[in-house]
Amino acid sequence: MKTETRLRRDAIRIFRASLEAAGPARAIARAVTRSSEMLHVGGRSYRLDQFERVIVLGAGKASAAMAHALERILGSRISAGLINTKYGHLATLKRIQLNECGHPVPDGAGIEGARRIAALAEGCGARDLVFCLISGGASALTPMPAPGITLEQKQATTKALLACGATIQEINAVRKHISGIKGGQLGRLAAPATVISLMLSDVIGDSLDVIGSGPTVPDFSTFASAWAVIGKYGIASQIPGSVAERFRLGMAGQIAETPKAGDACFRKTQNLIVGSNRLAVDAAARKAEELGYKPVVLSTFIEGETREIAAMHTAIAREVQVSGHPAKPPVCLISGGETTVTIRGNGLGGRNQEFALAAALALDGLAGVIAFSGGTDGTDGPTDAAGAIADGATAERAHALGLNPAAALAANDSYHFFEALGDLVKTGPTGTNVMDIRLLLVGKPLK
């Protein structure tokens, strides 16, 4: 078997092992257990018979699968529930309703669902137990614009933030301050109910207030710090006037801030991370070792411009092949986290496909190395692919088809580039979402 063929096959097997480990069913089962009327959640215990109702709310690309896992535990004790999920990211539920809506740019279905979620929360009392299920994508999937802001204005703000290369932490800081539900505000609506938030983390560092824009978590950002993000990227001229005016009033103290640490609304709230990128990376390392590779985990904190991150990864792969450092081949370099793409062209793609394309250029002509990058949710940007795979012959194969890899990269058109080569990796919706997995497999050393 040709070396690259084997490396490609193994990369997919390693990626699928990481997806399985990060699945919501396992994550929820680890965190939530039940013995009759006793419920144990992350070290805390609750008596179900002390609550009149159990309500399940949530949002995210993995939230439907999380809800399915919770239904298996709570069954008929669930009184009602509503989940906002991305179109197509579904699960079979009996007691919790699903509302499909737009991601990454919010739509009208998302607004309707967010309003219904807010109404359910606001209708809860002191003897209700509210489960809030949050995973990656929850911010875009719960668009409840603050007073005076329209969906179109929120969409324009989101598009400007996505295009400028802002990090998810920065994007969510802005989102919280133009929303009626994010940044702890859902927790404020649900009080005085008991609230348990279960989260699948899709952010660097697993910061509770950043995951899904922290709807039940004290908010550490402010109007001033969020507006500073807009200034940092020079996009103030792209921000609708009503949004800018809200920030002006907020910074002047004329609009109430999001709830902060110590607020009474969080007195009966438990926020718990049930799964993260680390779980997926560790599973990838175990599978790589099982397949005969020396796994080298670079980091689960990788962020920054995708092209630059690709250059760094391929440089390490070259070092492995040439000198045997930091390990002798066969080696599987693994990293997690989430990079960003500064959009310069009008093409189609996502950060994982762009990583693979930049890696293809850096690896051009080099044998025995492959690069793979995939989103654990199964969708990369606005595409139906999880990511893509490349090797040292990718650029040559592309030229033979009349494709120019450098031009495709300049146009941010990685999807059509890899589609023509047959090198897109499509998993369909995976039911989970814990950021990205990047793999560089290095075969036996050069002779």
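Caption draft 1: Here's a closer look at the overall build of the chain. Broken down by element type, the chain carries 16 helices and 15 strands. Its C-alpha atoms give the chain a radius of gyration of 22 Å, near enough to 22 Å, the size a compact globule of 447 residues would have. Projecting the C-alpha coordinates of the chain onto the three principal axes gives extents of approximately 70 × 55 × 35 Å. Counting over 447 residues, the chain shows a buried share of 58%. Of the contacts formed within the chain by residues at least 6 apart in sequence, a portion of 79% connects residues at least 24 apart.

Caption draft 2: Molecular detail of the environment of Ala-31. Inspection of the secondary structure puts Ala-31 in helix α2 (residues 24-31). For the pair Ala-31 and Gly-43, spaced 12 residues apart in sequence, the C-alpha separation works out to 8.5 Å. Those residues in contact with Ala-31 that lie beyond four places of it in its chain are His-40, Val-41, Gly-42, Leu-272 and Val-274.

Caption draft 3: Representation of the packing of aromatic side chains within the structure. Within the structure shown, the criterion is met by 4 aromatic pairs. Between the aromatic rings of Phe-417 and Phe-418, the centroid separation amounts to 5.1 Å while the plane-to-plane angle is 90 degrees, which identifies the pairing as edge-to-face. An aromatic cluster of at least three residues, connected via ring pairs, comprises Phe-223, Trp-227 and Phe-247.

Caption draft 4: Broad picture of helix α10 (residues 241-251). Among the residues of α10, Val-243, Arg-246, Phe-247 and Gly-250 are the ones counted as buried. Summarising the axial view, the buried residues of α10 lie within an arc of 95 degrees, below the 170-degree limit, and thus occupy one face. Its buried side turned inward, α10 meets α6 (151-164), α7 (168-176) and α9 (223-232).

Caption draft 5: Quick peek at the nonpolar core. If you look at the biggest cluster of nonpolar residues, it comprises 53 residues, and the most contacted ones within it are Leu-39, Phe-131, Leu-198 and Leu-439. Broken down by element, this core gets its largest block of residues, 6 residues, from helix α3 (residues 63-74). In this structure, Leu-198 is in contact with Ile-28, Val-32, Val-41, Met-66, Phe-131, Cys-132, Leu-133, Ile-134, Leu-272 and Val-274, ignoring residues within four places of it in sequence.

Caption draft 6: Layout of the packing of α9 against α10. Closest axis-to-axis distance for the α9/α10 pair is 9 Å, and the angle between their directions is 140 degrees. By the angle between their directions, the pair α9 and α10 is classed as oblique. Relative to α10, α9 is oriented so that their crossing is left-handed. Listed contacts from α10 to Phe-223, Ala-224, Ala-226 and Trp-227 of α9 are Ala-244, Arg-246, Phe-247, Gly-250 and Met-251. By residue class, the composition of the contact of α9 with α10 is 7 nonpolar, 1 polar and 1 charged.

Caption draft 7: Just the state of the cysteines, in detail. Taken as a whole, this structure holds 0 disulfides when the rule is applied. Free of any disulfide, Cys-132 has its nearest neighbouring cysteine sulfur in Cys-124, separated by 11 Å. For Cys-265, which is in no disulfide, the shortest distance to another cysteine sulfur is to Cys-132 and amounts to 13 Å. We classify Cys-265 as buried; its relative accessible area is 10%.

Caption draft 8: Structural context of the sheet that holds strand β9 (residues 269-275). An order of β6-β5-β4-β7-β8-β9 is seen for the 6 strands of this open sheet, with the pairing classed as parallel. Looking at the sheet topology across the chains shown, the edges are occupied by β6 (97-101) and β9. On average, each strand axis in the sheet is tilted by 15 degrees relative to the strand beside it, whichever way the strands run. Against the sheet, helix α4 (residues 108-122) contacts β4 (53-59), β5 (80-86) and β6, and its axis sits at roughly 155 degrees relative to β5.

Caption draft 9: Seen up close, the sheet that holds strand β11 (residues 331-337). What the 6 strands build is an open sheet, ordered β10-β11-β15-β12-β13-β14; its pairing is mixed. Here the strands that pair on one side only, and so sit at the sheet edges, are β10 (294-302) and β14 (424-425). Where β10 and β11 come together, 6 bridges link them in parallel fashion. Note that in β11 the partner of Pro-295 across the bridge is Cys-332.

Caption draft 10: Main features of the side chain of Asn-84. Among the secondary structure elements, Asn-84 is positioned in strand β5. Within the local environment of Asn-84, its side chain forms a polar contact with the side chain of Asn-99, the two groups lying 3.0 Å apart. Asn-84 has contacts with Gly-58, Ala-59, Gly-60, Ser-63, Asn-99, Cys-101, Gly-110, Gly-113, Ala-114, Ile-117, Leu-141 and Thr-142, leaving out every residue within four places of it along the chain.

Caption draft 11: Representation of the pattern of salt bridges. Going through the model one piece at a time under the given rule, you end up with 24 salt bridges. Arg-278 serves as the salt-bridge partner of Asp-282, at 3.0 Å between the closest nitrogen and oxygen. In this pair, Asp-282 and Arg-278 are both assigned in helix α11 (residues 277-290), 4 residues apart and thus about one turn of the helix distant. A residue is classified by how much of its surface remains accessible, and Arg-278, at 37% relative accessible area, is partly exposed. Close ionic contact of Glu-290 with Lys-287 constitutes a salt bridge, the shortest N to O distance being 3.0 Å. Residue Glu-290 and its partner Lys-287 are located together in helix α11, separated by 3 residues, close to a single helical turn.

Caption draft 12: Unusual backbone geometry, seen in detail. The linkage connecting Ala-191 with the following residue, Pro-192, adopts the cis geometry, with an omega of 15 degrees. Here Pro-192 shows up in the loop between α8 (185-190) and β8 (194-200). For the peptide bond that leads from His-325 to Pro-326, omega is 5 degrees, which places it in the cis range. Its location among the elements puts Pro-326 in the loop between α12 (306-323) and β11.

Caption draft 13: Local environment of the environment of Gln-270. Mapped onto the elements, Gln-270 comes out in strand β9. The exposure class assigned to Gln-270 is buried, which follows from its relative accessible area of 4%. A sequence separation of 213 residues divides Gln-270 from Leu-57, and the C-alpha atoms of the two residues are 14 Å apart. Not counting residues up to four positions away in its chain, the partners in contact with Gln-270 are Val-41, Gly-42, Arg-44, Tyr-46, Val-195, Ile-196 and Ser-197. Polar contacts involving the side chain of Gln-270 include one to the main-chain carbonyl oxygen of Val-41, which spans 2.9 Å.

About the thresholds
Residues numbered from 1 in each chain as written. Predicted model: local features only at pLDDT ≥ 70, side-chain atom pairs only at ≥ 80, totals over all residues. Heavy atoms only, no water. Helix = DSSP H or I, 4+ residues; strand = E, 2+ residues; numbered from the N terminus. Rg over C-alpha atoms; globule rule 2.2 N^0.38 Å. Buried < 20%, exposed > 50% of the residue type's maximum accessible area, 1.4 Å probe, protein only. Contact = heavy atoms within 4.5 Å. Phe/Tyr/Trp six-rings, centres within 6.5 Å; stacked < 30°, edge-to-face > 60°. Arc of directions from axis to C-beta. Core = buried A, V, L, I, M, F, W, Y, C linked by side-chain atoms within 4.5 Å. Axes fitted to C-alpha atoms, helices over the stretch in contact; angles between N-to-C directions. Parallel < 35°, antiparallel > 145°, perpendicular 65-115°, else oblique. Left-handed = near helix turned anticlockwise from the far one by under 90°. Nonpolar A, V, L, I, M, F, W, Y, C, P; charged D, E, K, R; others polar. Disulfide = S-S within 2.5 Å. Pairing = 2+ DSSP bridges. Polar contact = N/O pair within 3.5 Å; in protein donor to acceptor, adjacent residues only side chain to side chain. Salt bridge = Lys/Arg side-chain N within 4 Å of Asp/Glu carboxyl O.

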